[in-house]
Every structure is written in C-alpha cells, then in structure tokens.
Amino acid sequence: MATPDLRHTELFKGFLRLSSEIGNDILKTQGAGGNTSIKSDGVMWVKASGTWLSKADAEDIMVPVVVEPLVAALREGDPRAEKSTDFVVSDLNSSGLRPSIETSFHAALKSPVVAHYHCVNAIALAVLQDRDAILAARMKAVSDLKWVTIPYRRPGTPLAREIEKAASSEPDVLILFNHGIIVCGDTIEEVSNRIQRVTNALTGEARRTETADIDALAVIAKGSGYHPAHDRESHSVALSNANQEIALGGSLYPDHVIFLGTEIGVLTQDESAADLEAALHREGREAPKMLIVPGKGILLSTTLTAGGEVMARCLAEVVGRIPEGQSVAYLSKDDEYELTHWEAEQYRQALDRASARQPA
Ligand SMILES: [Zn+2]
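Cut-offs applied
Residues numbered from 1 in each chain as written. Predicted model: local features only at pLDDT ≥ 70, side-chain atom pairs only at ≥ 80, totals over all residues. Heavy atoms only, no water. 1 Å grid on protein atoms, 1.4 Å probe; cavity = no way out; pocket = protein on both sides within 12 Å on 5 of 7 lines; lining within 4 Å. Points joined across faces, edges and corners; volume = space filled by probe spheres on them. Helix = DSSP H or I, 4+ residues; strand = E, 2+ residues; numbered from the N terminus. Nonpolar A, V, L, I, M, F, W, Y, C, P; charged D, E, K, R; others polar. Pairing = 2+ DSSP bridges. Donors = N, O, S within 2.8 Å, 3.2 Å for Na, K, Ca; no water. Tetrahedral: all angles 85-135°; square planar, octahedral: opposite > 155°, others 65-115°. Polar contact = N/O pair within 3.5 Å; in protein donor to acceptor, adjacent residues only side chain to side chain. Axes fitted to C-alpha atoms, helices over the stretch in contact; angles between N-to-C directions. Contact = heavy atoms within 4.5 Å.

Draft legend 1. Quick peek at the layout of surface pockets. When its volume is computed, the second largest pocket comes out at roughly 340 Å³. Lining the second largest pocket are 17 residues, and of these Arg 207, Thr 209, Glu 210, Glu 233 and Ser 236 sit closest to its centre. At four residues, helix 12 (residues 306-321) tops the list of elements feeding residues into the lining of the second largest pocket. Its residues assigned to classes, the lining of the second largest pocket comprises four nonpolar, six polar and seven charged.

Take a look at the structure:
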C-alpha cells in the first residue's frame with residue numbers, strides 16, 4: 001500500500017504556518033532549537049535536524065518517519081531510536097535530511113500535533129529549585145489543561161524515554177526542566193490556542209537594565225577574535241549584577257552548552273579581549289565563546305555561527321526573567337560532559353555552519 005502524502009493538504013499548510021510562527025518568535029525559538037510534528041496514517045512529519053523552524057514556510061524542512069516501529073525501538077532500548085534515521089520513509093523524504101534528534105519523543109506522544117520549543121519564560125521557571133511550586137501556581141491559569149513536568153535528561157533517547165513514561169496519561173503540556181516546553185493537541189488550532197494560553201500563564205517581565213556601550217565594547221574587542229554582539233538585547237547579561245551572577249553560576253539548558261560551551265569569560269577593568277586571549281593562550285586554555293564586560297555588554301567569538309550568536313540572546317532573555325535571590329538548579333558537570341561529547345549534536349552544528357554561509 002502506498003503511503004499517503006500529507007504535504008499537498010491544507011492541514012499540512014496549516015502545520016507549516018504554525019511551525020514558522022513558533023520559529024519566528026525569539027522568545028520561543030532561537031536558531032535551530034525547537035521542533036514540531038504532525039501524525040497521519042502512521043507517518044509522522046517532523047522538523048529536520050539542524051534546520052530552523054522559522055523557515056518552515058519557505059524551505060523543505062519536514063522529514064517523514066514511521067511512528068510505531070520508532071516507538072517500539074525506543075521502548076526496547078534499540079539504539080536506532082537515538083537518531084531515528086532508520087525510520088525515515090525514504091521515498092517521501094524529498095530533502096534527504098535527517099530527522100530532528102528529538103524525533104523519538106514526538107513519536108512517543110500520542111497527540112496528532114506536537115510543538116516543542118525553548119520558551120524563555122518556561123525555561124526561566126523550569127531552572128528554579130522551587131520550580132514545582134512555582135509552576136503549579138502559574139499553571140492554575142490554564143487548569144483545564146493536563147500538564148506534567150519532566151526531569152532534565154539529555155535530548156535524544158534519554159529525554160524521550162522520560163517523555164514516553166508520561167505519554168500514557170496523554171498530557172496536553174509537558175514542561176521540561178532545564179530545557180523548554182511541549183504543547184500537544186488534536187488539531188493545529190487547538191495547539192496554537194494552547195500555546196498562546198500557556199505562554200500567557202508563564203510570562204514574566206525581564207529585569208530592566210542599562211543600555212549597552214557599543215563604542216566601548218568595540219574598543220575593548222579591537223585586535224581580538226571577538227566582536228560586540230550584534231543583537232542589542234543580548235547585552236543585558238552584562239548590564240545587571242543579578243543577570244551576570246545567574247549567567248556565571250553554571251549552565252542552565254542544553255543548547256547553551258552545545259553552542260556557547262560551559263565557560264563564559266569575564267573581563268576585568270582595563271583588560272582588553274586580546275589581553276584575555278593572550279593570557280588564556282599562555283595557560284593552554286581554550287578561549288570562551290562569550291565574554292562579559294561588566295556594565296558595558298557582551299563580546300562574542302567571531303567563530304560563532306548564526307545559531308551560536310542567537311544563543312547569547314536566549315541567555316539574556318532567560319537570566320533576565322529569573323527572579324533575584326531565587327536558587328537555581330544548574331546542569332551538573334556530568335550533564336555538561338554528556339552534551340559536549342555527543343556525536344548527533346556535532347551533525348546539527350555542522351548543518352548550522354553550512355546554513356550560516358547563506359543569507360538567512
Ligand atoms: Zn529542545
């Protein structure tokens with residue numbers, strides 16, 4: 001029996017529209033983060049690894065996979081569930097891309113439409129020690145929705161296995177500690193409506209800060225492999241003591257570690273970026289991708305891809321929403337190690353480098 005091709009339907013167009021809406025909201029998606037899926041007749045279309053949801057309307061970024069065999073593989077601990085490439089319906093896969101590394105959890109969730117994204121408001125609450133109580137209070141605003149929390153696990157099969165356990169209760173919303181959120185539903189309209197309501201329930205104001213001193217930053221960066229962040233909003237990490245302290249306290253969520261690493265540098269007064277580079281070089285240490293210049297703004301490594309640059313913005317949005325004085329549950333050293341030694345992520349970053357060569 002031929003597999004039906006969903007792509008020519010209005011339903012699929014609606015799915016792409018929703019995907020690109022989520023992808024174009026910087027408070028929900030940064031770079032290649034986040035992914036959406038739609039299931040029909042045993043086939044699930046899911047965002048390809050390393051591609052940007054914001055381009056869902058304009059480019060061929062959805063990959064078809066068979067649902068049941070993938071879920072069975074996940075349950076049985078079959079290593080093929082990690083990349084899901086063996087479950088792609090090749091004759092429908094026009095882009096030839098690999099499915100997202102988060103494909104297996106989309107398959108495990110029973111809902112026909114699933115949206116996963118890195119909502120900065122959700123992350124800012126889901127990294128707090130007190131997250132259970134705080135999220136329970138916020139989610140009272142959407143008490144008709146069934147919601148659950150998922151402990152932190154590395155994206156891929158470790159996270160998918162936790163989500164698979166929760167899937168039997170058919171939740172509408174899953175809040176992933178130190179990661180993001182998943183919103184499920186039967187139709188595009190239902191998911192879209194739930195996303196709006198849950199976003200309203202979780203939204204918090206970002207802390208106000210001074211404005212960045214771009215001229216001073218340019219002088220400090222001179223002759224180094226750094227430049228002032230192009231996105232003005234990214235600088236707020238360095239423009240309040242609370243923001244700076246939270247950012248330097250540890251790693252908050254996986255994409256930060258994957259794109260910006262585990263270290264953020266801090267320049268002392270009168271130190272230039274070139275001075276710091278030279279000092280690190282003498283010690284045989286790697287230069288961090290991001291530098292904080294206290295009270296002035298942030299500098300980013302010129303080696304960063306577009307996907308890396310936008311992670312600095314994500315950090316600014318998240319730390320700015322973490323209330324002062326709240327204890328934060330950072331990723332552990334083991335969590336960080338797992339993320340920095342992970343083959344599937346290297347593929348995603350390689351794709352990001354390739355896409356960075358073309359104008360967005
Ligand atoms: Zn994610």
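Draft legend 2. Summary view of the sheet that holds strand 9 (residues 265-266). One open sheet accounts for four strands, arranged 8-11-10-9; its pairing is mixed. The sheet terminates laterally at strand 8 (226-228) and strand 9, the two strands that pair on one side only. Judged from the three bridges that link them, strand 8 and strand 11 (residues 297-301) form a sheet pairing that is antiparallel. Paired with Pro 228 across the strands is Leu 299, a residue of strand 11.

Draft legend 3. Looking closely at the coordination of the zinc ion. Bound to the zinc ion on the protein side are Glu 102 (OE), His 116 (NE2), His 118 (NE2) and His 179 (NE2), at distances that span 2.1 to 2.6 Å. Classification of the site at the zinc ion rests on its four donor atoms, whose angles at the metal span 84 to 156 degrees, yielding the label irregular.

Draft legend 4. Broad picture of the environment of His 341. Positionally, His 341 belongs in the loop between helix 13 (333-340) and helix 14 (343-356). Sequence separation between His 341 and Leu 92 is 249 residues; the distance between their C-alpha atoms is 32 Å. For His 341, the side chain forms a polar contact with the main-chain oxygen of Tyr 337, separated by 2.9 Å. Within the structure, the side chain of His 341 is placed 3.1 Å from the side chain of Thr 340, a separation counted as a polar contact.

Draft legend 5. Focus on the sheet that holds strand 7 (residues 180-185). Strands sit in the order 3-2-1-4-7-6-5 across an open sheet of seven strands; the sheet is mixed. Looking at the sheet topology across the chains shown, the edges are occupied by strand 3 (62-66) and strand 5 (147-150). Each adjacent strand pair in this sheet contributes to an overall mean axis angle of 20 degrees, direction not counted. Pairing analysis gives four bridges linking strand 1 (residues 35-40) to strand 4 (residues 113-117), with the strands arranged antiparallel. The residue of strand 4 that forms the bridge with Ser 37 is Val 114. Contacts from helix 2 (residues 67-76) reach strand 1, strand 2 (43-47) and strand 3 within the one sheet, and its direction differs from that of strand 3 by about 70 degrees.

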